[in-house]
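Residue-level listing of the chains:
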Amino acid sequence: MFALADCNSFYASCQSLFRPDLRGRPIAILSNNDGCVIARSKELKNLGIPMGMPYFELKPHIKKHNIAVFSSNYALYASLSARVHTVLESLALRSSVYSIDESWLDVTGIDAVQSFDSFGHHVRNEVFRHTGLMVGVGIAPSKTLAKTCQYASKRWPATKGVVALTDPIRIRKLLALQPIGEIWGIGRRLTAKLNVMGIETALQLADTDIRFIKKNFGVVMERTVRELRGESCIPMEEMVPAKQQIICSRSFGQRISEEHEMRQAICRYAERAGEKLRQEKQFCRHVSVFMRTSPFANEPQSSLSGTEKLLTATQDSRDIIAAAQRIIDRIWKPGFRYAKAGVMLNDFSPTRLAQLSLFDDQSPRPGSEALMSVVDKINQEGLGRIWFAGQGIEPAWQMRREMLSPAYTTRWDELPKAKIG
DNA sequence: TCTGGGGTCCTAGGACCC
DNA sequence: TCTGGGGTCCTAGGACCC
């Protein structure tokens, strides 16, 4: 049996946690660059503002509905997320973090002590008591069904935030009410394809012939269908799997047309990607760079990418930056207004050692590890910032975050203040 | 004027090998 | 004119997730 605990409107709740005056008001959280809406409070959802609405389309509604708008504040969300996960972890023998605001709990056998339903309420109360945040809880024999239950716990207030289902008849009743597009693992494309075949509810999908599904949609959807039937196919993951890819990409605050500006941006992303790589304690042998114009703009489009294989695996920012710059030498095309670019690292190994070719005389940089760890330490401990000159100082393309709230939980000078008396 | 970022897994097709 | 079968590895692209 699996339980899924998922925070209600997580980012919006993080904001209102330290601003009680915001409660009951519609709250919108914007993406990086203040581009579009990526999280909404219940009140904002009720206004019919969709996920992903561009900020400039939201603007006309702000005054009329008294909407509170925030730039994303990941320092705040990550810190509150850690608190929530710590509480959830303490409530079951086995658990795994699924996303910033969700965790799986293995609740097999818990019903020998208390009902799954009362366990779910216990989870809610504990998370609220320790963090001030609310979670919804879904409990079922497979992860896909637990997801479905968790949706139901949020959709119907009468459930009081907990839906636990073991009885096949009741499971079928719930599936009959769920459109396939809401099933975990069925996205937009597959929904359209299934609808054409006349399959519209989760129950219809669960009742479809399994061989037909496998033949037409592959093993992934086959697994989803089995899970909907109550057969657990996706196990708990106790170990955090090692990353296989690291990406650092951003949209620019202002379009880039000049090659030297693109080089600065790529330099910064390469450095940041290297920092993440070192945090993962990995070395990479594959560096890619991509850049593109805005697909929304009615203007000449360009989408460039290139990769370089390294002879020796590295985690040194200098190697990554150099490779990225060589890629730009190869792929750069002037005459476009680039909107976004990124650096991607692939092909990881836990050490620098790689198969050297017979005449390869590339030796690793001496002192690389020591230098990089000093750079990371300075940057991570808030002692200051140190960076490679290639990325420029206060460049115009830097991302916009004009409505940033304080980092209430991670910076001493931004702690919330309370007035007494 | 203004539309996010960071991941995973699977599959099909090509290169290459015996 | 005739032109196998099977395997591996790699990559690009497509689907999904939060």
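For the structure given in this document, a descriptive report is provided here. Given the structure is predicted, the values throughout are model-derived calculations rather than measurements.

## Structural notes on the protein's contact with DNA strand B
Then, number 1: Close to DNA strand B lie 21 residues, the nearest being S31, I247, S249, R250 and S251.
Then, number 2: Those atoms of DNA strand B that come within 4 Å of the protein belong to sugar or phosphate at a rate of 72%.
Then, number 3: In the model, a phosphate oxygen of DNA strand B is placed 3.1 Å from a nitrogen or oxygen of the Q244 main chain.
Then, number 4: For DNA strand B, a phosphate oxygen lies 3.0 Å from a polar atom in the side chain of R250.
Then, number 5: Elements with a contribution of two residues or more to the surface near DNA strand B: α11 (219-228) and β9 (245-256).
Then, number 6: Top contributing element to the surface near DNA strand B by residue count: β9, with eight residues.
Then, number 7: A per-class count over the surface near DNA strand B returns eight nonpolar, seven polar and six charged.

## As for the layout of surface pockets
Then, number 1: In this structure, the largest pocket spans a volume of roughly 1,700 Å³.
Then, number 2: Around the largest pocket, the lining is made up of 37 residues, and of these R250, R272, R385, M399 and R401 lie nearest the centre.
Then, number 3: Of the voids in this model, the second largest pocket is the one considered here, and its volume is about 1,500 Å³.
Then, number 4: If you trace the second largest pocket, you find 42 residues lining it, with C7, N8, S9, K45 and K154 closest to the centre.
Then, number 5: For the lining of the second largest pocket, the secondary-structure elements that each account for two or more residues are β1 (2-7), α1 (10-17), β3 (37-40), α2 (42-46), α5 (116-131) and α6 (143-155).
Then, number 6: Split by residue class, the lining of the second largest pocket holds 16 nonpolar, 11 polar and 15 charged.

Definitions and cut-offs
Residues numbered from 1 in each chain as written. Chains lettered and ligands numbered in written order. Predicted model: local features only at pLDDT ≥ 70, side-chain atom pairs only at ≥ 80, totals over all residues. Heavy atoms only, no water. Near = heavy atom within 4 Å. Polar contact = N/O pair within 3.5 Å; in protein donor to acceptor, adjacent residues only side chain to side chain. Helix = DSSP H or I, 4+ residues; strand = E, 2+ residues; numbered from the N terminus. Nonpolar A, V, L, I, M, F, W, Y, C, P; charged D, E, K, R; others polar. 1 Å grid on protein atoms, 1.4 Å probe; cavity = no way out; pocket = protein on both sides within 12 Å on 5 of 7 lines; lining within 4 Å. Points joined across faces, edges and corners; volume = space filled by probe spheres on them.

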